[in-house]
2 protein chains.
Amino acid sequence: MKIVVDAMGGDYAPVNIIAGAIEAIKEYQVCICFVGQQDRIEAELKKYSYPKELVEIVHAPEVVEMDDHAAVAIRQKRKSSITIGIGLLKKGGYDAFVSAGNTGAVVAASTIVLGMIPGVDRPGIGCVIPSLKNFNLMIDMGANTAAKPEHLLQYAKMGRIYVQEVIGRADPKVGLLNIGSEEGKGTGLEKEAYKLLEENIKSFIGNVEANEIYTGKADCIVCDGYVGNVALKVSEGLMESVGTLMKREIKKNPIAILGALLLKNSLSEARKSIDYAEYGGAPLLGVDGLVIIGHGRSSPKAVKNAIRCAKSEVEHNILAKIKEVL
Amino acid sequence: MKIVVDAMGGDYAPVNIIAGAIEAIKEYQVCICFVGQQDRIEAELKKYSYPKELVEIVHAPEVVEMDDHAAVAIRQKRKSSITIGIGLLKKGGYDAFVSAGNTGAVVAASTIVLGMIPGVDRPGIGCVIPSLKNFNLMIDMGANTAAKPEHLLQYAKMGRIYVQEVIGRADPKVGLLNIGSEEGKGTGLEKEAYKLLEENIKSFIGNVEANEIYTGKADCIVCDGYVGNVALKVSEGLMESVGTLMKREIKKNPIAILGALLLKNSLSEARKSIDYAEYGGAPLLGVDGLVIIGHGRSSPKAVKNAIRCAKSEVEHNILAKIKEVL
């Protein structure tokens, strides 16, 4: 198995990317093709000992910055690690592409270079989210911010397969993110999508309200990319703010500091089950190739886990299975 | 000051509503007019001792249930506590209306009975949200799920006045909730709203991403009601799930239980600063009258604080000030 990794993508690239990929090579024996500025990749690689036969480097002189405008970056930086990396996947001989870089650019380049799977109009970013019960998939997290009802139906079909094959749960329940529980709630998009899902997805359980996302009510939650992106980022921001707030309160009181020390293990266990880095990568579903998007602030662990996701998608032959259903 | 309180609104009505209102009467010496089923109100009131001259009861035989369809409820239950209560505010002699009942029905009845303030097209629910720095206002949290750019500008104008007068902060910074930080991000709504806000609001600071909501970056964040509702409910659901998860981990380990006991005070301080019940009420801005919406699951404390919000809005003459600017 050969996985193409964007060595230049992410806030801490290439350092964290290469650190995580080296861990993945050792743990999973996958072959990694780093795409990016060759001198910088080589300089990083020198820090590690690893089986040389599992590493390949493809030079890409240009770097898409995290705040570059996606469409402009794709047009103007034709020799970026993103475009060249996805080009390798398209050409063949490689199984998946992993990037923690500019999400918009990865989505745009994947759509243009790989094309869409027949029967899918728009790509969707699936995000594996923790819940009180287990991991579930939410799609779309921001690839498509003007979703139409039929896009949500396509997301549901693809998402079900992902949950079934990669997360490993039989007959996944599909829910529609909405602002009320009854049919007829929401905007025109949700009303229409509700009907389509009801007609076409046997395991459709109806609306899921935003306060139910983390309860595990649905195995696959579909939504417009704009709303999904907000839901994801609110969660991230809230956890950070609450963490900061708790630390601030605890520091005021020596007894609380002792309490926090005693709690440390339990809290880190709890934290582990809600940490995106533990899952690592978000599949870009709908494009004709396996593309995994990592968080821009990916730690080495998150990069390693994104590669694990890629490996798992390859092993489960997820692309062929999606094509079969759509 | 006379505040009309919907005694039948909320999951724990009339019990929590009357308990909270009695606390408010004692603490703030406001006069409360309870609207609802007279016998049930009287039965609850018997539990308390309170200055009788500060309590009035207006009978409303019908009850809008929390899951009633808003428009249908308003049409069919013309003698509900919501419709009669808002009618009292319209008639005069009362200063504000507080309800923890069916939000959609309160919004619809307020719009129909009170009418809009000239210059405002749609009402918006403002939600006072805690941040690492202080309290801020986010508007709209779900009154208007098909917002147009000019609605967001109206929300910004009203929200600024609320933050300035009621929360008490000079020259509040206004931000636009969006999925990216740069101008040009988002859907057509956000792109157009960005221009309008830039042209009309001096203290406009640009886009605020959803992970920045709780950082205090903006004093007033404007957004479409659908997105605002999702953001609010995701936050609620996440805090609940994390709480459940932490308890589950802590229970596994006796040392952690001891740690949690030592931490209790600090955690409850931290919790207090993010607890909606501490703030209590969400102002419905844009309608021609002071309406405060409480959380459906309001505790007595939340009800008391919603009445405190109402009192504060009356004292700061917020309605006249909004009319002046719009």
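Conventions adopted
Residues numbered from 1 in each chain as written. Chains lettered and ligands numbered in written order. Predicted model: local features only at pLDDT ≥ 70, side-chain atom pairs only at ≥ 80, totals over all residues. Heavy atoms only, no water. Patch = residues over 30% accessible without salt bridge, like charges linked within 9 Å, V, L, I, M, F, W, Y side chains within 5 Å. Areas by Shrake-Rupley, 256 points an atom, 1.4 Å probe, with all protein chains shown as cover. Salt bridge = Lys/Arg side-chain N within 4 Å of Asp/Glu carboxyl O. Helix = DSSP H or I, 4+ residues; strand = E, 2+ residues; numbered from the N terminus. Buried < 20%, exposed > 50% of the residue type's maximum accessible area, 1.4 Å probe, protein only. Core = buried A, V, L, I, M, F, W, Y, C linked by side-chain atoms within 4.5 Å. Contact = heavy atoms within 4.5 Å. Pairing = 2+ DSSP bridges. Axes fitted to C-alpha atoms, helices over the stretch in contact; angles between N-to-C directions. 1 Å grid on protein atoms, 1.4 Å probe; cavity = no way out; pocket = protein on both sides within 12 Å on 5 of 7 lines; lining within 4 Å. Points joined across faces, edges and corners; volume = space filled by probe spheres on them. Nonpolar A, V, L, I, M, F, W, Y, C, P; charged D, E, K, R; others polar. Domains from an automatic or database assignment. Buried area = accessible area lost by both parts, 1.4 Å probe. Parallel < 35°, antiparallel > 145°, perpendicular 65-115°, else oblique. Left-handed = near helix turned anticlockwise from the far one by under 90°. Polar contact = N/O pair within 3.5 Å; in protein donor to acceptor, adjacent residues only side chain to side chain.

1. Examining a nonpolar patch on the surface
All names here are of chain B.
Okay, so step 1: Together, Ile257, Leu258 and Leu261 make up a nonpolar patch on the protein surface, roughly 270 Å² of accessible area in all.
Okay, so step 2: For leucine 261, the location among the structural elements is in helix H9 (residues 254-272).
Okay, so step 3: The class of leucine 261 is exposed, set by a relative accessible area of 55%.

2. Re the nonpolar core
Okay, so step 1: Residues Ile213(A) and Ile213(B) are the most contacted members of the largest nonpolar core, which totals 92 residues.
Okay, so step 2: Not counting chain neighbours up to four residues away, the residues in contact with Ile213(A) comprise Ile129(A), Met138(A), Leu177(A), Val208(A), Ile221(A), Ala231(A) and Val234(B).
Okay, so step 3: Core analysis: the next-biggest nonpolar cluster, separate from the first, contains 63 residues, Met8(B), Ile41(B), Leu45(B) and Tyr50(B) among them.

3. Some remarks on the sheet that holds strand S9 (residues 220-222) of chain A
Residues and elements named next belong to chain A.
Okay, so step 1: On the basis of which strands lie adjacent, the open sheet formed by eleven strands has the order S3-S2-S1-S4-S11-S10-S5-S6-S9-S7-S8 and mixed pairing. The outermost strands of the open sheet, each flanked by one partner alone, are strand S3 (55-59) and strand S8 (204-209). Put simply, the sheet's adjacent strands are angled 25° from each other on average, direction ignored.
Okay, so step 2: Lying on the sheet, helix H1 (residues 15-28) is in contact with strand S1 (2-6), strand S2 (31-36) and S3; it crosses S2 at an angle near 165°.
Okay, so step 3: Sheet strands in contact with helix H6 (residues 149-167) are strand S5 (124-130), strand S6 (135-139), strand S7 (174-178), S9 and strand S10 (281-285), and its direction is about 155° off that of S6.

4. So, the sheet that holds strand S2 (residues 31-36) of chain B
All names here are of chain B.
Okay, so step 1: With mixed pairing, eleven strands are arranged side by side in an open sheet as S3-S2-S1-S4-S11-S10-S5-S6-S9-S7-S8. Among the strands making up the open sheet, the edge pair consists of strand S3 (55-59) and strand S8 (204-209). Strand after strand, the sheet turns through a mean of 25° between neighbouring axes, direction not considered.
Okay, so step 2: Looking at chain direction, strand S7 (residues 174-178) and S8 are connected through four bridges and run parallel. Of the residues in S8, the one forming a bridge with leucine 177 is valine 208.

5. Things to note about unusual backbone geometry
Okay, so step 1: Of note, the amide linkage connecting Ala13(A) to Pro14(A) takes the cis form, showing an omega dihedral of -5°.
Okay, so step 2: Turning to its location among the elements, Pro14(A) is positioned in the loop between S1 and H1.
Okay, so step 3: Each neighbour pair has its own omega, and for Ile139(A) with Asp140(A) the value is 20°, a cis peptide bond.
Okay, so step 4: Structurally, Asp140(A) is set in the loop between S6 and H6.
Okay, so step 5: With phi around 55°, Gln29(A) is a residue other than glycine that occupies positive phi space.
Okay, so step 6: Following the sequence through the fold, Gln29(A) ends up in the loop between H1 and S2.
Okay, so step 7: Even without being glycine, Asn317(B) reaches a positive phi, approximately 55°.
Okay, so step 8: Following the sequence through the fold, Asn317(B) ends up in the loop between helix H11 (300-315) and helix H12 (318-325).

6. Comments concerning the layout of surface pockets
Okay, so step 1: Approximately 350 Å³ is the volume attributed to the second largest pocket.
Okay, so step 2: Contributing elements (two or more residues each) for the lining of the second largest pocket: helix H7 (188-200) and helix H8 (225-251) of chain A together with helix H7 (188-200) and helix H8 (225-251) of chain B.
Okay, so step 3: Taken together, the residues that form the lining of the second largest pocket break down as ten nonpolar, four polar and four charged.

7. Section: the domain arrangement of chain A
All names here are of chain A.
Okay, so step 1: Per the domain assignment, the segments making up chain A are domain 1 (1-120 + 286-326) and domain 2 (122-278).
Okay, so step 2: One C-alpha centre belongs to domain 1, the other to domain 2, and the line joining them spans 24 Å.
Okay, so step 3: Contact with domain 1, which involves 25 residues of that partner, is made by 17 residues of domain 2.
Okay, so step 4: Between domain 1 and domain 2, the buried area comes to about 1800 Å², and carbon and sulfur atoms account for 65% of it.

8. Considerations on the environment of Gly296(B)
Residues and elements named next belong to chain B.
Okay, so step 1: Locating glycine 296 in the fold gives a position in the loop between strand S11 (291-294) and H11.
Okay, so step 2: The class for glycine 296 is buried, based on a relative accessible area of 18%.
Okay, so step 3: As for glycine 296 and serine 110, which are separated by 186 residues in sequence, their C-alpha atoms are 17 Å apart.
Okay, so step 4: Not counting residues within four places of it along the chain, the set of residues in contact with glycine 296 comprises Gly10, Asp11, Tyr12, Met66 and Ala100.

9. A short note on the packing of helix H6 (residues 149-167) of chain B against H12(B)
Residues and elements named next belong to chain B.
Okay, so step 1: In contact at an axis separation of 10 Å, H6 and H12 are set at 140° when each is read in the N-to-C sense. In terms of axis orientation, H6 runs oblique to H12. The way H6 lies across H12 gives a crossing that is right-handed. When H6 is examined against H12, the residues Met158, Ile161, Tyr162, Glu165 and Val166 are found in contact with a partner set consisting of Ile318, Lys321, Ile322 and Val325.
Okay, so step 2: Residues that form the contact of H6 with H12 fall into these classes: seven nonpolar, no polar and two charged.

10. Focus on the interface of chain A and chain B
Okay, so step 1: Counting residues at the interface gives 49 residues for chain A, matched by 49 residues for chain B.
Okay, so step 2: The contact between chain A and chain B buries some 4600 Å² in all, and 73% of this surface belongs to carbon and sulfur atoms.
Okay, so step 3: A per-residue breakdown of the area chain A buries against chain B is headed by Leu132(A), Ile179(A) and Tyr226(A), which together make up 15% of the total.
Okay, so step 4: Applying the counting rule to chain A against chain B returns two salt bridges.
Okay, so step 5: Linking chain A to chain B there are 14 residue pairs in polar contact (both at pLDDT 80 or more).
Okay, so step 6: Secondary structure elements with two or more residues in the side of chain A that touches chain B: S7, H8 and helix H9 (254-272) of chain A.

11. Observations concerning the environment of Glu198(B)
Residue and element names in this part refer to chain B.
Okay, so step 1: Positionally, glutamate 198 belongs in helix H7.
Okay, so step 2: A residue is classified by how much of its surface remains accessible, and glutamate 198, at 45% relative accessible area, is partly exposed.
Okay, so step 3: With 24 residues separating them in the primary sequence, glutamate 198 and valine 174 have C-alpha atoms 10.0 Å apart.
Okay, so step 4: When residues no more than four places from it in sequence are discounted, the contact partners of glutamate 198 are Glu183 and Phe204.

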